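# Observations on the model geometry
Residue-level listing of the chains:
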Amino acid sequence: MLRIGNRSAFTLVEVMVTVTVLALGTVLIYESFFKSLDAFSYYSRYLTVASMMDEKMWRAVDSINRFGDLSDMDSSGSFISNNKSYNWSLSDDSIDEQAGLYRIDLALHWQEGKRGIWLSRATYAIYDEKE
């Protein structure tokens with residue numbers, strides 16, 4: 001601090017350092033706020049689609065167990081939830097034809113700003129042919 005007569009005052013350097021520290025603190029607070037907002041948005045969308053993905057996987061496993069293929073199910077589609085468009089695709093691959101073992105894959109995609117989000121799930125199912 002600079003003392004001029006009976007009054008004391010801050011120097012220009014002290015004021016500039018203080019403003020710089022406050023600006024840096026404000027930027028860091030805003031950055032952490034936007035990151036937490038982005039994470040909240042992602043997990044909110046994830047919770048929206050997780051039950052749909054579980055239901056589709058359950059139906060696919062049930063279809064393989066009963067019929068040996070996914071012929072009675074759509075292999076892809078889209079839906080809108082909370083003004084957000086989601087696209088999904090479902091596929092099955094025969095791993096062991098004799099044992100009736102199949103791998104089922106479900107992929108879900110949506111756009112979050114400029115970033116594309118992909119979620120995928122995989123499971124196995126056995127088709128036991130009734131004689």
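This text follows the structure it describes.
Now for a description of the structure that goes with this document. This one's a predicted model, so the numbers in the text were calculated from it and none came from an experiment. (Residues numbered from 1 in each chain as written. Predicted model: local features only at pLDDT ≥ 70, side-chain atom pairs only at ≥ 80, totals over all residues. Heavy atoms only, no water.)

### Describing the overall build of the chain
The number of helices and strands found in the chain is one helix and six strands. Compactness check: the chain gives a C-alpha radius of gyration of 28 Å against a globular reference of 14 Å for 131 residues, more than 25% above the reference. Principal-axis analysis of the C-alpha atoms places the extent of the chain at approximately 105 × 30 × 20 Å. Partitioning the intrachain contacts of the chain with sequence separation of at least 6 by distance along the chain shows that 43% fall at a separation of at least 24. Counting only carbon and sulfur atoms, one obtains 57% of the accessible surface of the chain, whose full area is about 9,700 Å². (Helix = DSSP H or I, 4+ residues; strand = E, 2+ residues; numbered from the N terminus. Rg over C-alpha atoms; globule rule 2.2 N^0.38 Å. Contact = heavy atoms within 4.5 Å. Areas by Shrake-Rupley, 256 points an atom, 1.4 Å probe, with all protein chains shown as cover.)

### Comments concerning the packing of aromatic side chains
This model, assessed by the stated rule, comprises seven aromatic pairs. Arranged with centres 5.0 Å apart and planes meeting at 20 degrees, the rings of Phe79 and Tyr86 form a pair that is stacked. Pairing Tyr86 with Trp110 gives two aromatic rings, centres 5.4 Å apart and planes at 65 degrees, and the pair type is edge-to-face. Taken together, the positions of Tyr86 in strand β4 (residues 84–96) and Trp110 in strand β5 (residues 101–112) put the pair 24 residues apart, joining distant regions of the chain. Judged by relative accessible area, which is 1%, Trp110 ranks as buried. A cation sits over an aromatic face here: Lys56 above Trp88, 4.1 Å from the ring centre. (Phe/Tyr/Trp six-rings, centres within 6.5 Å; stacked < 30°, edge-to-face > 60°. Buried < 20%, exposed > 50% of the residue type's maximum accessible area, 1.4 Å probe, protein only. Lys NZ or Arg CZ within 6 Å of the ring centre and 35° of its normal.)

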